[in-house]
Amino acid sequence: RTRAMPAKRKAAAAGGSEAQGKDKKMWGGRFAGAVDPVMEQFNSSIGEDKVLWKVDLEGSRGYSHALERAGVITHAEGTTLRAGLAKVGKEWADGTFDIKPSDEDIHMANERRLTELVGATGAKIHTGRSRNDQVATDVRLWLREEGNEQLKLLAGLLKCAGERARAEVGAVMPGYTHLQQAQPVRWSHWILAHAASWARDAGRLRDALERANQMPLGSGALAGNPFRIDRAALAADLGFHAPTANSLDGVTDRDFIIEFSAWAAMLMVHLSKFAEDLIVFGTQEFKFVSFADAYATGSSLMPNKKNPDALELLRGKAARVIGNHTTLLCMMKGLPTAYNKDMQEDKRAFFDCAATTRAALQIAAGVLSTLTIHEQRMRAALSPPLLATDLADYLVKRGLPFREAHHVVGSAVKLAEDRGCELPALTLADLRGLSPLFEADVTAVWDYDQAVERRDEVGGTSKRGVLEQADKIEAAAKALEG
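The rules behind each value
Residues numbered from 1 in each chain as written. Predicted model: local features only at pLDDT ≥ 70, side-chain atom pairs only at ≥ 80, totals over all residues. Heavy atoms only, no water. Helix = DSSP H or I, 4+ residues; strand = E, 2+ residues; numbered from the N terminus. Buried < 20%, exposed > 50% of the residue type's maximum accessible area, 1.4 Å probe, protein only. Contact = heavy atoms within 4.5 Å. Areas by Shrake-Rupley, 256 points an atom, 1.4 Å probe, with all protein chains shown as cover. Lys, Arg positive; Asp, Glu negative; His and termini not counted. Charge placed at Lys NZ, Arg CZ, Asp CG, Glu CD. Salt bridge = Lys/Arg side-chain N within 4 Å of Asp/Glu carboxyl O. Expected span 1.5 Å × (residues − 1). Arc of directions from axis to C-beta. Polar contact = N/O pair within 3.5 Å; in protein donor to acceptor, adjacent residues only side chain to side chain. Axes fitted to C-alpha atoms, helices over the stretch in contact; angles between N-to-C directions. Parallel < 35°, antiparallel > 145°, perpendicular 65-115°, else oblique. Left-handed = near helix turned anticlockwise from the far one by under 90°. Nonpolar A, V, L, I, M, F, W, Y, C, P; charged D, E, K, R; others polar.

Enquirer: Tell me about the overall build of the protein chain, and name the residues and values.
Expert: Helix and strand content of the protein chain: 20 helices and 6 strands. With the C-alpha coordinates aligned to their principal axes, the bounding extent of the protein chain is approximately 105 × 60 × 40 Å. Split into buried and exposed, the 482 residues of the protein chain put 46% on the buried side. Pairs at least 24 residues apart make up 73% of the contacts formed inside the protein chain by residues separated by at least 6 positions. Surface exposure of the protein chain reaches about 23700 Å², of which carbon and sulfur atoms provide 54%. In the protein chain, 62 side chains carry a positive charge and 63 a negative one; their mean positions are 4 Å apart.

Below you can see the structure in the form of structure tokens.
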């Protein structure tokens, strides 16, 4: 059975001067009927893009100067527009801005209010400008500010990692591959491994922000601006390196948003790996670390529980950001060149990426700066098989090819297993039965501190190597703060 359209929607679809007058659209001259109320909501983005209010006003201020320089408006009109824009900004800042049902997006909301405040002069601010180049400019302005704030948060995380690594350089623990004990490493070396990935994240974000710092304003809807505005001067006014080179590309390009979401996804993968390691290290079976109460929660049933929820959420929210990145790629992949309404959907994913990474960086720094390590527990977990490679290296230093040394030590491991003892319990005679190159000084191999010190190259586990890494991470943090 066909269901009747609700009366309100039916009236809107039928049109009429009364409906049109009550809800006049800035683009409505070509239309006779009102918009279906469901379409109003479906079409609106003000709920997401109102966060752009400040940069939207900034772009309009810059554009008023460009119109004035081009002779499109007088100096008096430009002054009036800028004064009105300042009043609109104050309303947003004070929380008194009244969003109307007809405000589809932040651009229409600001222009509508500007015109209410300054009269007909307000209608001149959009001369030669389209929401297509306006939104592309707004989002780049917003990303520039947001990206720089996130670089500062990355700096804080890197600084924390460097300082903690320096302070706890003496702690030695098992290193793992396949989650199986592999070779001894310093706790600080583990911290700095994650810090190295965060430093790459900082470099990627800096590069992305550099590429994003071009100005689409003046591209119009797609074909440029007919009023001979000075785009280079406008770009300089707004702090951009240069205007975009092609007006059509200027309004269709969302590479900068996708680059940011790719950066966000990569960052969250790194933070997720960091979180997973710490979750494992914090279990009762490991007890290498314990977490501050500020970053843990309890169980509604089991009074004994202290759950690492902050770390689990870092891990979980990584999937959310990866999903946002996939959303943006899928949204853009089949669009015809120029602006399409599909692109309005980039805001939700984009802003969510930014909000999530901003919080995640603060949580990661908080966890790292407040956790407690249990060095004795780390050392107690060290076991002789961690030094099997060092035993092979001992033979290599005496002239045996590594592959043969690997086979000899594998045989020693099997012999110890068959006897139910640890490798160091094998006698010199046992070892010489496997290779005549073993001497009495082989006992020096069974020293975990010396094992980490033997890796004394750039990026290695020696104290010198680890402190050198900490220096570089702290220098990177300082550069970001600057």
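Enquirer: Before we move on, could you go through unusual backbone geometry and cite the residues and values that matter?
Expert: Outside of glycine, negative phi angles account for most residues, and trans bonds account for most peptide bonds. One non-glycine residue, L179, adopts positive backbone phi at about 60 degrees. You can see L179 is positioned in the loop between β1 (172–177) and β2 (180–186). A relative accessible area of 59% places L179 in the exposed class.

Enquirer: I'd like a rundown of the pattern of salt bridges, residues and numbers included.
Expert: On inspection of all chains with the given rule, the structure shows 36 salt bridges. The partner of D390 in a salt bridge is R454, and the shortest N-O contact between them spans 3.1 Å. Placement of the pair is D390 in helix α16 (residues 388–396) and R454 in helix α19 (residues 448–454), with a sequence separation of 64 residues. A residue is classified by how much of its surface remains accessible, and R454, at 34% relative accessible area, is partly exposed. Connected through salt bridges with shared partners, the residues E91, D103, R112, R113 and E116 form a single ionic network.

Enquirer: Could you give an account of helix α20 (residues 463–481), naming the residues involved and the relevant values?
Expert: The end-to-end C-alpha separation of α20 is 27 Å, in line with the 27 Å expected for 19 residues at 1.5 Å each. Taken residue by residue, α20 has G465, V466, Q469, A470, I473, A477 and L480 as its buried positions. Relative to the axis of α20, the buried residues are bounded by an arc of 140 degrees and lie together on one face. Opposite its buried face, α20 presents the exposed residues K472, K478 and A479, each directed more than 90 degrees away. Packing partners of the buried residues in α20 comprise α8 (131–167), β2 and α9 (187–212).

Enquirer: Give a description of the side chain of H194 that names residues and reports values.
Expert: Relative to the helices and strands, H194 is located in helix α9. Engagement of the side chain of H194 in a polar contact is seen with the side chain of D277, the distance being 3.1 Å. Residues within four places of H194 in sequence aside, it is in contact with H270, K273, F274 and D277.

Enquirer: Any details on the packing of α9 against α20? Residues and values, ideally.
Expert: Running from N to C, α9 and α20 point in directions that differ by 30 degrees, and their axes come no closer than 10 Å. On the basis of the axis angle, α9 is roughly parallel to α20. Classified by chirality, the crossing of α20 by α9 is left-handed. Mapping the contact onto sequence places S188, H189, L192, A195, A196, A199, A202 and R206 in α9 and V466, Q469, A470, I473 and L480 in α20. Split by residue class, the contact of α9 with α20 holds 9 nonpolar, 3 polar and 1 charged.

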